[in-house]
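Survey of secondary and tertiary structure
As a plain string of letters, each chain reads:
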Amino acid sequence: MSGKPLYIRNASQLVTLKGSSDAPLTGKAMEELHLIEGGSVWVEGGVIQSVGTDKKIRERYGSRLAEAEEIDATGRLVTPGLVDPHTHLVFAGSRENEFEMRLKGASYMEIMNTGGGIHATTSATREAEAERIYKESRRRLDQFLRHGVTTVEAKSGYGLSLEHELKQLEVAVELNRKHPVDVVSTFMGAHAVPVAYRGRPDEFVDEVVREMIPEVARRGVAEFNDVFCERGVFTPKQSRRILEAGKEYGLAPKIHADEIEPYGGAELAAEIGAVSADHLLKASSEGIRAMAEKGVVAVLLPGTAFFLMAEMADGRKMVDAGVPVALSTDCNPGSSPTVSLPLIMNLGCLKMGMTPAEVLTAATINAAHAIRRGHEIGSIEEGKKADLVIFDVANYMGLQYFYGSNHTEVVVKNGKVVHRRG
Ligand SMILES: N=CN[C@@H](CCC(=O)O)C(=O)O
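Please read all numbers here as calculations on a predicted model, not as lab measurements.

Conventions used here
- Residues numbered from 1 in each chain as written.
- Predicted model: local features only at pLDDT ≥ 70, side-chain atom pairs only at ≥ 80, totals over all residues.
- Pairing = 2+ DSSP bridges.
- Helix = DSSP H or I, 4+ residues; strand = E, 2+ residues; numbered from the N terminus.
- Axes fitted to C-alpha atoms, helices over the stretch in contact; angles between N-to-C directions.
- UniProt positions renumbered as here; feature names shortened; annotations may be inferred.
- Contact = placed C-beta atoms within 7 Å.
- Near = placed C-beta within 6 Å.
- Nonpolar A, V, L, I, M, F, W, Y, C, P; charged D, E, K, R; others polar.
- Core = buried A, V, L, I, M, F, W, Y, C linked by C-beta atoms within 7 Å.
- Buried ≥ 20, exposed ≤ 12 C-beta atoms within 10 Å, placed from the backbone.
- Domains from an automatic or database assignment.

1. A look at the sheet that holds strand S14 (residues 297–300)
- The strand order S8-S9-S10-S11-S12-S13-S14-S15 describes an open sheet built from 8 strands, whose pairing is parallel. Across the chains shown, the open sheet's two edge strands, defined by having one partner strand only, are strand S8 (82–84) and strand S15 (325–327). The average undirected angle you get between the axes of adjacent strands in this sheet is 25°.
- As judged from the 3 bridges shared by S8 and strand S9 (residues 149–155), these two strands associate in the parallel manner.

Quick look at the structure:
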């Protein structure tokens, strides 16, 4: 990559999160943001070359300032690009019609069991041409970018057949190729038992294991394999089978665990060495302990609990237990239709007992580790990809305190300015 160097100068506060590339942060370390007052960054070839006080950067690059694109960050906060490690970005249609049903008392699972929820989006996604799915998903990805997100994970799971799962995954791959935001793909053929397999879930599990996983792996369209382990969806035994099969084909395991009731999902994640266990609203204390011991990242989704009017996962307890915690929007058409990772951080503070420093760690470096990208993104360190955000607040506290607004001013992806407000 060639082009001008980029010089972001004199941020009132620059959050580096240095020294966090090898493993996610846990416990007290989640609060060690490594702040630089009057911080600057020098970027070349899409990579961070140097970070430090403005004085240090000027001393080092003083003779080259004229050739650089300069962005004055005086009075602003600079952070690593935000990372969203759990989304259902790629789908067609919408489910606004379910909102009133839920407000009148219908539960998420009741709606799903009567053919709505995931099944409704599966029908819409199966019917849609890839081009339409691409356009609708790209719009969401644009919105993510405008909220300071530079990498998202994206799951399939609204196809529930080989043909339609591949269609979704190929859209995700295409978005990754064409859009400034990086898209990391996860196969989630086991998102629900399709209506046609009602009462025969094991036959569908056979199909996922014997047909879908090998073909998804052969085409190289996903890195991770996920399953919705929940009563009425896939049992822990079926989930284990699906995740073990994925491992054989090189797909790293992730799991939707203990969202609606305690079901052994957190324990299973630890046993099989999942990269992350996500949701965890009802995770047991034993499950949390096991995850801490095995270093499984807890991807918490407070926007989902908020939107489903459910009790939040206990983020405070998990951080204190030594679990590496990450945060995500869970952007999807039914239980969390949002792209605002900053709002999710606000909820992490206000509803899950996490501190402003912890939620920033959770949405940057720990989120990067939840998708095995901790070595290249999630912190501002020499040699890492230059994914950076300038927010129009003076410090990281402001990002949490002035909640509900989008403070994103400039987004840099791979060293290029890809969004400027206004
Ligand atoms: N809980 C299961 N899957 C998604 C929701 C999908 C949907 O409702 O469309 C989630 O992660 O929240």
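2. Observations concerning the UniProt feature "binding site: 4-imidazolone-5-propanoate" (unreviewed entry) in the chain
- Residues annotated in UniProt with the feature "binding site: 4-imidazolone-5-propanoate" (unreviewed entry) correspond here to Arg95, Tyr158, His191, Glu259 and Ser335.
- Inspection of the secondary structure assignment puts Arg95 in the loop between S8 and helix H2 (97–103).
- When neighbours within four sequence positions are excluded, Arg95 is seen to be in contact with Ala120, Thr121, Pro333 and Gly334.
- When you line up the elements, Ser335 lands in the loop between S15 and helix H13 (341–352).
- Excluding its chain neighbours within four sequence positions, the residues that come into contact with Ser335 are Tyr108, Thr304, Phe307, Leu308 and Asp330.

3. Quick notes on the site of the ligand
- Close to the ligand lie 14 residues, the nearest being Ile118, Asp330, Asn332, Gly334 and Ser335.
- Each residue belonging to the shell around the ligand can be placed in one class, and the counts come to 3 nonpolar, 9 polar and 2 charged.

4. Concerning the nonpolar core
- Ranked by internal contacts, the top residues of the largest apolar core, which has 131 residues, are Ala266, Ala269, Ala277, Met291, Ala298 and Ala363.
- Per-element tally for this core: the top contributor is helix H7 (residues 201–219), with 7 residues.
- In terms of domain composition, this core takes at least three residues from each of domain 1 (6–81 + 379–420) and domain 2 (83–371).
- With residues near it in sequence (within four places) discarded, Ala298 still touches Ala277, Leu280, Met291, Met318, Val323 and Val325.

5. Thoughts on unusual backbone geometry
- Phi at Leu160 takes a positive value of approximately 55°, unusual for a residue other than glycine.
- Residue placement: Leu160 occurs in the loop between S9 and helix H6 (162–178).

6. Describing the UniProt feature "binding site: Zn(2+)" (unreviewed entry) in the chain
- Summarizing the sequence annotation, UniProt attributes the feature "binding site: Zn(2+)" (unreviewed entry) to His86, His88, His256 and Asp330 in the numbering used throughout. These annotated residues cover 245 residues of sequence, but their C-alpha atoms sit close together, with the largest distance between any two at 12.2 Å.
- Here His86 shows up in the loop between S8 and H2.
- By C-beta crowding, His86 is classed as buried, having 30 other C-beta atoms within 10 Å.

7. A few points about the sheet that holds strand S3 (residues 35–36)
- Strand order in this open sheet of 6 strands is S3-S2-S7-S16-S17-S18, and the pairing throughout is mixed. The strands lining the two open edges of the sheet, one partner per strand, are S3 and strand S18 (416–420).
- Examined bridge by bridge, strand S2 (residues 13–15) and S3 share 2 bridges and lie antiparallel to one another. What sits directly across from Leu14, in S3, is Ile36.

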